[in-house]
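# Summary of structural features
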Amino acid sequence: STPGASTDTGKVADDGKITMGFSQVGAESGWRTANTKSVQESAKSAGVELKFSDAQQKQENQIKAIRSFVQQKVDVIAFSPVVESGWDTVLKEAQNAKIPVILTDRAVDSADKTLYKTFLGSDFVEEGKKAGQWLVEEYKDSKDPVNIVELQGTTGSAPANDRKAGFAEVIAADPKFKIAASQTGDFTRAKGKEVMEAFLKSTPDIDVLYAHNDDMGLGAIEAIEGAGKVPGKDIKIITVDAVKDGMQALADGKISYIVECSPLLGPQLMDLAKKVVAGEQVPERVVTEETTFTQEQAKQALPTRQY
Ligand code: GZL
């Protein structure tokens, strides 16, 4: 935007375009790449001036970025908090500077809900429940114990906490389901492979892997094949996201079921940002629409998948 005279709110007046400071988690997964693309493309088509920062999955980098956006007197700040806790101080600084904040993708656990205008993103507990519901259905006729290992997302992140809770709540219905091991793979392929290799050594007869995202599931597939087992057959795999590589593995029968988590939040984010800057009321929570995929459904969906 072309800077003009500063106004009494201290914000630089410009040609009516709004400036958004966006702090992104990092570039850890296929989901994140698709989310970044959605935000950047939507800003362009919405005529929003975007200042974009990649935090390499470090909270201190996100806090620095938010402080810098406050210094630059952006019109609105949006971010996906890498973890749930530790945001109140910096969000109060944005509030004192009269810069509205929008949460997108992940949530914060701040008790003070006035620190942000709205939270746009998926219901991660629901995603965990959907994963559990498929497993309960899949094993409804078997009496034997079902040994599950779990690759959790980034420690302390809302998706990791909530996907774990939703899944555990549903499978608690039947004691045959046992989570034999559960550890973070930090949402990355590399870590997912490494932790799955350890699970294969430490946990005898694994029946099911529940991975909190496709990328960790894809890394685990490499470990499972490396151990001479057949993914999708010897070990059933449930993942979350439904990015292209995950959907291909599902179509190939290496993954058994995927719960979708849509990264395409850009258009809604820009719409909410314009309303917030204009001082209009917005809902405090906007939940992403998303579905689930079996192998058959993945084969149908793949050709037109956007990400
Ligand atoms: C979920 C998002 C998660 C994805 C992972 O909304 O925060 O982070 O499920 C990504 O793939 O790393």
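These numbers were taken from a predicted model, which means no experiment stands behind them.

Bringing the UniProt feature "domain: Periplasmic binding protein" (unreviewed entry) in the chain into the picture now. Here the UniProt feature "domain: Periplasmic binding protein" (unreviewed entry) sits at residues 22-280. In residues 22-280, the share of helix is 44% and the share of strand is 19%. The end C-alpha atoms are 20 Å apart.

Counting 45 residues, the largest nonpolar core has Ile-77, Phe-79, Trp-87, Leu-135, Ile-148 and Ile-238 as its most contacted members. With 5 residues, the single largest contributor to this core is helix α2 (residues 59-71). Non-local contacts of Ile-77, meaning those with residues more than four positions away in its chain, are made with Gly-21, Ile-66, Phe-69, Val-70, Ala-94, Ile-99, Pro-100, Val-101 and Ile-102. Core analysis: the next-biggest nonpolar cluster, separate from the first, contains 30 residues, Val-149, Leu-151, Ile-255 and Ala-298 among them.

Turning our eyes to something else, we now look at the layout of surface pockets. Of the voids in this model, the largest pocket is the one considered here, and its volume is about 430 Å³. Looking at the lining of the largest pocket, the elements that each hand over two or more residues are β5 (118-121) and α9 (266-277). Looking at the lining of the largest pocket residue by residue, the class counts come to 8 nonpolar, 3 polar and 8 charged.

Okay, the site of the ligand next. Around the ligand, a shell composed of 13 residues is seen, among which Glu-28, Asp-105, Arg-106, Arg-163 and Asp-241 lie nearest. Within the side chain of Asn-213, one N or O atom sits 2.9 Å away from an oxygen atom of the ligand. When the ligand sits alone it has 320 Å² of accessible area, and the protein chains cover 100% of it. A majority-of-atoms criterion places the ligand in the largest cavity. Mapped by element, the contributors of at least two residues to the shell around the ligand are α1 (30-46) and α5 (158-171).

On inspection of all chains with the given rule, the structure shows 1 cavity of 30 Å³ or more. In this model, the largest cavity occupies a volume close to 100 Å³. If you trace the largest cavity, you find 13 residues lining it, with Trp-31, Arg-32, Arg-106, Arg-163 and Asp-241 closest to the centre. When residues of the lining of the largest cavity are traced back to their parent elements, those giving at least two are α1 and α5. The residue inventory of the lining of the largest cavity, partitioned by class, reads 5 nonpolar, 2 polar and 6 charged.

What follows covers the side chain of Glu-150. Along the chain, Glu-150 falls in strand β6 (residues 146-152). Within the local environment of Glu-150, its side chain forms a polar contact with the side chain of Ser-182, the two groups lying 2.8 Å apart. The contacts of Glu-150, once residues within four sequence positions are left out, are Lys-164, Ile-179, Ala-181, Ser-182, Gln-183, Phe-199, Tyr-210 and His-212.

Okay, the pairing of β5 next. Regular strands place side chains that alternate from one sheet face to the opposite one. By the alternation rule, side chains of β5 split into Thr-118 and Leu-120 and Phe-119 and Gly-121, which are all buried. By the bridge criterion, 3 bridges tie strand β4 (residues 101-104) to β5 in an arrangement that is parallel. By the bridge assignment, Thr-104 is partnered in β5 with Leu-120. Across 3 bridges, the pairing between β5 and strand β11 (residues 285-287) is parallel.

About the criteria used
Residues numbered from 1 in each chain as written. Predicted model: local features only at pLDDT ≥ 70, side-chain atom pairs only at ≥ 80, totals over all residues. Heavy atoms only, no water. UniProt positions renumbered as here; feature names shortened; annotations may be inferred. Helix = DSSP H or I, 4+ residues; strand = E, 2+ residues; numbered from the N terminus. Core = buried A, V, L, I, M, F, W, Y, C linked by side-chain atoms within 4.5 Å. Buried < 20%, exposed > 50% of the residue type's maximum accessible area, 1.4 Å probe, protein only. Contact = heavy atoms within 4.5 Å. 1 Å grid on protein atoms, 1.4 Å probe; cavity = no way out; pocket = protein on both sides within 12 Å on 5 of 7 lines; lining within 4 Å. Points joined across faces, edges and corners; volume = space filled by probe spheres on them. Nonpolar A, V, L, I, M, F, W, Y, C, P; charged D, E, K, R; others polar. Near = heavy atom within 4 Å. Polar contact = N/O pair within 3.5 Å; in protein donor to acceptor, adjacent residues only side chain to side chain. Areas by Shrake-Rupley, 256 points an atom, 1.4 Å probe, with all protein chains shown as cover. Sits in = over half its atoms within 2 Å of the grid points. Pairing = 2+ DSSP bridges.

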